[in-house]
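Spelled out, the chains give:
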Amino acid sequence: MKLKRSTASLLYLAATVSLLAQVGLAVKQEDFKTSEQVAFYRRHRAFADGVAKESQLLGKSVSASQTASPYSVLQDSVYLDGHTLVASVQHGTDKVPLKLKVSFLDKGIVRIRGQEADPLKPRFDDTQKLVLRDGGANLKYASAGSLQLTSEAVNGETVHIVSFRDANNTASLRMTERPWTVEYVLNNKPSILLNSKGLFHFEHLREKPGADGEVDGADGAWEETFRSWTDTKPRGPESFGLDISFSGYEHVYGIPEHASSLSLKSTRGGGKDAYSQPYRLYNLDVFEHDLDSPMALYGSIPFMVAHNAESTVGVFWLNAAETWIDVTREKSSTLGNLFRLGTASKEPTVSTHWISESGVMDIFLLPGPSAADLYRQYAELVEQTPLPREFALGYHQCRWNYLDQADVLAVNDKLQEHAIPYDVIWLDIEHTDGKRYFTWDSGKFPDPVAMQKKLAYNGHQLVTVVDPHIKRDTEYRIWKEANDNGYFVKNKEGTDNFQGWCWPGDSNWVDYLNPDAASWISSQFHLDKYNGSTPNLFVWNDMNEPSVFNGPEISMDKDIKHYGGWEHRDLHNIFGMLYHKATADGLRTRESPDKRPFVLSRAYFAGSQRYGAVWTGDNAANWEHLRASIPMVLSNNVAGMHFVGADVGGFFGNPTPELMTRWYQLGIWYPFFRAHAHIDTKRREPWVFGEPYLSHIRNAIRERYRLLPYWYTLFREASLTGMPLVRPMWMEFPKETSMFSEDSSFMVGSAILVVPATDADANQPIDVRLPTQENWYDIHSHATYIAPLKRQFASDLATTLVFARGGSIIPTRERQRGSSELMRRDPITLYVYVSRTGTATGSLYLDDGETYSYQNGAFIERELSFENATLTSRPSPRTKLSPEQLEFLKAMSKVRVERVVIVGMRNPLTKAVVVENGQTRDIELAYAGSKLDSECTIRDPAVLVGNDWEITLS
Ligand code: NOJ
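Residues numbered from 1 in each chain as written. Predicted model: local features only at pLDDT ≥ 70, side-chain atom pairs only at ≥ 80, totals over all residues. Heavy atoms only, no water.

Peer 1: Give me the sheet that holds strand E37 (residues 775-778): which residues, what numbers.
Peer 2: The 6 strands are arranged E33-E34-E35-E40-E37-E38 in an open sheet whose pairing can be described as antiparallel. In this open sheet, the two strands that pair with only one neighbour each are strand E33 (726-727) and strand E38 (784-786). Sheet analysis places E33 next to strand E34 (residues 746-748), joined by 2 bridges and oriented antiparallel. Residue pairing for E34: Val 726 is matched across the bridge by Val 748. (Pairing = 2+ DSSP bridges. Helix = DSSP H or I, 4+ residues; strand = E, 2+ residues; numbered from the N terminus.)

Peer 1: Outline helix H10 (residues 623-638), supporting the account with residue identities and numerical values.
Peer 2: A rise of 1.5 Å per residue sets the reference length of H10, with its 16 residues, at 22 Å; its end C-alpha atoms lie 24 Å apart and thus fit the reference within 8%. For H10, the capping residue at the N-terminal end is Asn 622, with a side-chain oxygen 3.2 Å from the backbone nitrogen of Glu 624. (Expected span 1.5 Å × (residues − 1). Polar contact = N/O pair within 3.5 Å; in protein donor to acceptor, adjacent residues only side chain to side chain.)

Peer 1: So what's going on with helix H9 (residues 568-588)? Residues and values would help.
Peer 2: With 21 residues, H9 should reach 30 Å at 1.5 Å per residue; the first-to-last C-alpha distance of 28 Å fits that figure. Within H9, the axis deviates most sharply at Ile 574, by approximately 55°. A large share of H9 lies buried, amounting to 19 of its 21 residues. (Bend = angle between axes of the 7 residues up to and from the residue. Buried < 20%, exposed > 50% of the residue type's maximum accessible area, 1.4 Å probe, protein only.)

Peer 1: Go over unusual backbone geometry with me, naming the residues and quoting the values.
Peer 2: Look at the link from Ser 592 to Pro 593: it is a cis peptide, with omega at -5°. Of note, Pro 593 is situated in the loop between H9 and strand E29 (599-601). Cis geometry marks the peptide bond from Ala 787 to Pro 788, where omega comes out at 0°. One can find Pro 788 in the loop between E38 and strand E39 (789-793). Positioned with a positive phi, Arg 227 is a non-glycine residue whose angle comes to about 50°. The residue Arg 227 is located in the loop between strand E12 (224-226) and strand E13 (229-231) in this model. A positive phi angle, close to 55°, is found at Glu 553, a residue other than glycine. With respect to the helices, strands and loops of the structure, Glu 553 is situated in the loop between strand E28 (537-541) and H9.

Peer 1: Could you give me a rundown of the layout of surface pockets, with the residues and numbers involved?
Peer 2: The space that makes up the largest pocket amounts to roughly 740 Å³. Forming the walls of the largest pocket are 33 residues, and the residues nearest its centre are Glu 383, Gln 384, Thr 385, Pro 386 and Arg 610. When contributions to the lining of the largest pocket are tallied by element, the ones reaching two or more residues are helix H3 (127-131), H9 and helix H13 (708-721). When residues in the lining of the largest pocket are grouped by element, the largest group, 6 residues, is from H9. Grouping the amino acids of the lining of the largest pocket by side-chain chemistry returns 15 nonpolar, 7 polar and 11 charged. (1 Å grid on protein atoms, 1.4 Å probe; cavity = no way out; pocket = protein on both sides within 12 Å on 5 of 7 lines; lining within 4 Å. Points joined across faces, edges and corners; volume = space filled by probe spheres on them. Nonpolar A, V, L, I, M, F, W, Y, C, P; charged D, E, K, R; others polar.)

Peer 1: Could you give an account of the UniProt feature "domain: Glycosyl hydrolase family 31 C-terminal" (unreviewed entry) in the chain, naming the residues involved and the relevant values?
Peer 2: Here the UniProt feature "domain: Glycosyl hydrolase family 31 C-terminal" (unreviewed entry) sits at residues 722-810. Annotated as residues 722-810, this span is 4% helix and 38% strand, and its ends, taken at the C-alpha atoms, are 20 Å apart. (UniProt positions renumbered as here; feature names shortened; annotations may be inferred.)

Peer 1: So what's going on with the sheet that holds E28? Which residues, and what values?
Peer 2: By definition, the strands of a sheet pair up through backbone hydrogen bonds, in either a parallel or an antiparallel sense. Overall, parallel pairing links the 8 strands, which are arranged E31-E30-E29-E28-E24-E23-E22-E32 in an open sheet. On the outer flanks of this sheet lie strand E31 (644-645) and strand E32 (673-675), each paired with one strand and no other. Relative to strand E23 (residues 424-427), strand E22 (residues 395-397) runs parallel, the two sharing 2 bridges. Across the sheet, residue Gln 397 finds its bridge partner in E23, namely Ile 425.

Peer 1: Residues and numbers for the side chain of Ser 635, please.
Peer 2: As for its position among the elements, Ser 635 is in helix H10. Accessibility expressed as a relative area gives 5% for Ser 635, which makes it buried. What Ser 635 contacts, discounting residues up to four positions off in sequence, is Gly 254, Pro 256, Ser 261 and Leu 262. (Contact = heavy atoms within 4.5 Å.)

Peer 1: Could you give an account of the pairing of strand E4 (residues 97-104), naming the residues involved and the relevant values?
Peer 2: By the bridge criterion, 7 bridges tie strand E3 (residues 84-91) to E4 in an arrangement that is antiparallel. Bridge pairing links Leu 85 to Val 102 in E4. Bridge count for E4 against strand E5 (residues 110-116) is 7 bridges, and the pairing is antiparallel. Bridging from a neighbouring strand, Val 102 pairs with Ile 112 of E5. Between E4 and E5, which pair antiparallel and follow one another directly, the connecting turn spans 5 residues, one of which, Lys 107, has a positive phi of 65°.

Here it is, written out as C-alpha cells:
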C-alpha cells in the first residue's frame, strides 16, 4: 500500500524530530516486526511445533529416525555425479519432488543446494553470483576419484554414505532416506546434522488459488499486512526452513549483526539468559536500538561458527532474503546416534533452526577443524578481506556535521596543535546542496578542492557521505540521468519508480542489481564526474539497508520490483552490499593505475569485506553501549567481516570525559577506529575535555599509531588466510573451555590481549585472566606475569590493561607524527616478548599502502624469529624477485630497524653481534631489570627492514 504524500511527510517529519530528540533512548518496538508478526515464520513455527509434538509421541529421546519429518528420499533417486550426490526428496502428502544436490568441495567443504525439481518459475538465485568468489564459477571441487558412495541398510532403513578425505581427516557424509537427514561425520563423530529434528519444511512454488478455487489455507501466504503496509506477495509462499544441529558443541557464534553476546543465546526452550525471540537477519535502520537483543540491525551475515575444545566448524547459509534463526540447547542429546559407528554416547548439542523467506536453499558446511582451517575454508567461498589503504587504519575524526570549510580546517589545525595524529576528517550529509549527494553546499564549502589540498599537505584525507537515496528533483543531474536511463528500483506494479522518503524528502533508489545502473553509479565517483573531489576524497555509504523513512520497518516494501522483475524480498540483505561494491569500484578505477579504495558502509552481507569497512551503527554515549561494542565487533570478525568498529564516544548523547577517555582506550583496538557524534550533541573532539583527559586520549591514539605496522601486518595475514583481526579468546586458546563465552577481553591478532576498562568507576579493579602455561607482559611497563593467572588489576584512567603474549614479536613505529602517511618511511622498532622456552616469532609486512603493486611483488614481508638468543629476519616464502619488488626495496632503502627491545630474558646480557649482508659488527646493548621483569634494548642495530640479518645476544 502506498502512503499518501501528506502522511509520508508527517512520517518523515516525525522520524526527523524523533531523531533529533536526544533523551530516553529506547527503540520503537512497534516499528519492527516480532517473529509472530511474520507469516512465513509463523507457518514454520506451527510446522515445527507439530513435528515436535508428533516426535514426542514417537519416543522420549528424539533421534533422526524417530522424528516425524514428512520428507523422505525417493527410492532409487540417489546417485553420485562426479563431485555431486544427487537425490530427490519429497513431502509425504504434497508429493512435490525437490532436487537436492550435495557437492563436495576442496578442503572438506560440503555444499547442499535444493529447490523444486521442476519449479513453477525460477527462484532468485543471483545471491551466489553476487556473493561467492568469482560468482561461484571457479569453486574448487574434491576430485571425483576421492569420493566413494556406499549404500547400506541400518535398522531396516537405507543410508547412503559418501566417504572422502577432507583437508585433515577422513570424513563422511551420511544421508538417510526415511526421513531425509544428513550427517556430516568428522573424526568419526556426526558433527553437523541436518533435519535431525525434522524441521525441514520447503514451501514449494504454487499457482495462486483462483477466486472460486480451493483456498490455500496457509496463514499469510498470499498477502500479509504489517501496520498500514500490505505485502501483496504475488508469488505466494516460497520459504524454507531447516534445523542444523551441532552435536558435541555448547557454543555457537557469529550471524551478525545483533547487539548480543558473543556466544549466542538460546531463543527457545527457556534457560538462563535465553531470548524469547529468534535471531533475525534483515538489514534495518533501527533508531536507538536495544542492547542484549536478537533484533535485526544494519547488517546480516548468515555464517555461524560452533566451537568446542576439539574443533571449530561452521555453517554458511547463503540466502539474501529475510532469515530467522532459533537456537536451542540440550545438555545431552542422542542426535545422530542412530548412525554412529560404535557405541552411542550422549553429547551436548546446540540446535539451530534457520528459516528464509525466498530464494534457493544453499548451505555450506565447513569442517574446520581448527579456526585457521575454518577461515581458510570460508575465505575460499567469499574471499578474504583485501589489504586496505594504509591510512584507513589510522584515526578517523567524524561528526554530524563539521559545519563548513573553516571548521574542517580548524579541526585539522587543532589536532596538529595538540600533537594528536589522525588520518581522516569526515563530512556528513549537511555538506551537500540540499542532500543531493555528489554536490557541495557552496556557501559552506566554497572551495572543497583547496580544502582537500590543505588537508593532504600533512597526509590527511577527507571522507564524504554519499547515501543511496536520490532526491527526486528534475534539476538534479544524478536524478535525471538515473531516471532517463531507467536505473531506479520500480514500484510494485513495475510501472513507475519506487518512491519513498529519506533525508532529502521524496527520493528514488538506484537499482544496483542492474549491472548498467551499478556501473553508472560507480562512474559518478570518478574525478571528472564528482565535482570538488580529489584523489584524497573517500566515501561513506550510509542508510543503505536501505532506510526508507515511510516504508515498512523503515525500509523498502518487499514486493517492489528490481531488475529482472525480482522482488525486493529476494535480495533485501544484499542491497546495501551492492551499493558498497559499486562505490568501491568507482573509487578504485578513478585513477590509472587503479588504487585501493576506502568506503565505509552501514549495511552489509557476507562478501562485504571485499569492498571496505563497516561500523556497528548508531550506538549511544553510555557505558552499556561501550561494553556491547566488544561482542559486536568480535561477532563480525567471527563472521569474516574484519574491518569493523563502533562509533567512539557513542553516537547519541553526550559522553562524560571518563566515558570518552575509556572509549578511545578501547576504540584504538577496533580494526576501524572512528569517533563520531550525532548532530545534536556537544562538540567532543579530543581537546574539548581538557586535562587530564586530553593526555589520556592523546596517549591512546598514539598507541594506535605506534602499532600501525602490527595492524597492517595483521591485515596482510587476513588478506591471505581469512583469519580475523580481533579474536575471541576461544579462537587463540581453543581448549580453555572457561573462556568460550568471554566477551569483555579479546585478542588483537595472536600477540596482544586487551582487557578494556568499561566501568564508570575508574577505581574499580578489573578481572584479568591470562590463559595457558605462558608468560604475558604488560605492554607498557613490561612487567612479567606467569600464566595461567587470574587476578584483579587496578586501572585508573591513565592505565590500560594490554598484555603481550610470550613468544611474540611485535613491530612498531615509535616516532609520533601527524598521520600514517608521514610515518611511512619511519624506522621500525621490534619488541621481542620471549616465551617460557626463550623463543618468539612474528612478522612484518610493508608496502606502498595505496596501490596494487604489492600484487606484483612490491612489498617487504619478513619472518622474524628469536631462538638461542638470536633474532633473525628472513624473507617470507611469498617474496619474489620482480622489477616492482626491486623498486619498492629501493624506495625503502633507508628504512631501518632502529631499536630492538627484548623482554623477558632471564640472564643479564651484555653484547650483541649483528650480521647483515655478510658483514659483522658489535653494537651497544642495555640491560635493565630483574630476573623476572627484564628488558634488554639494542639501540640502533641499523639493519634494514628489507635485508636478511641476524642479531645474536650474549
Ligand atoms: C545515520 C548514521 O548512522 C549516522 O552515523 C549519520 O551521522 C546520520 N545517519 C546522518 O547522516
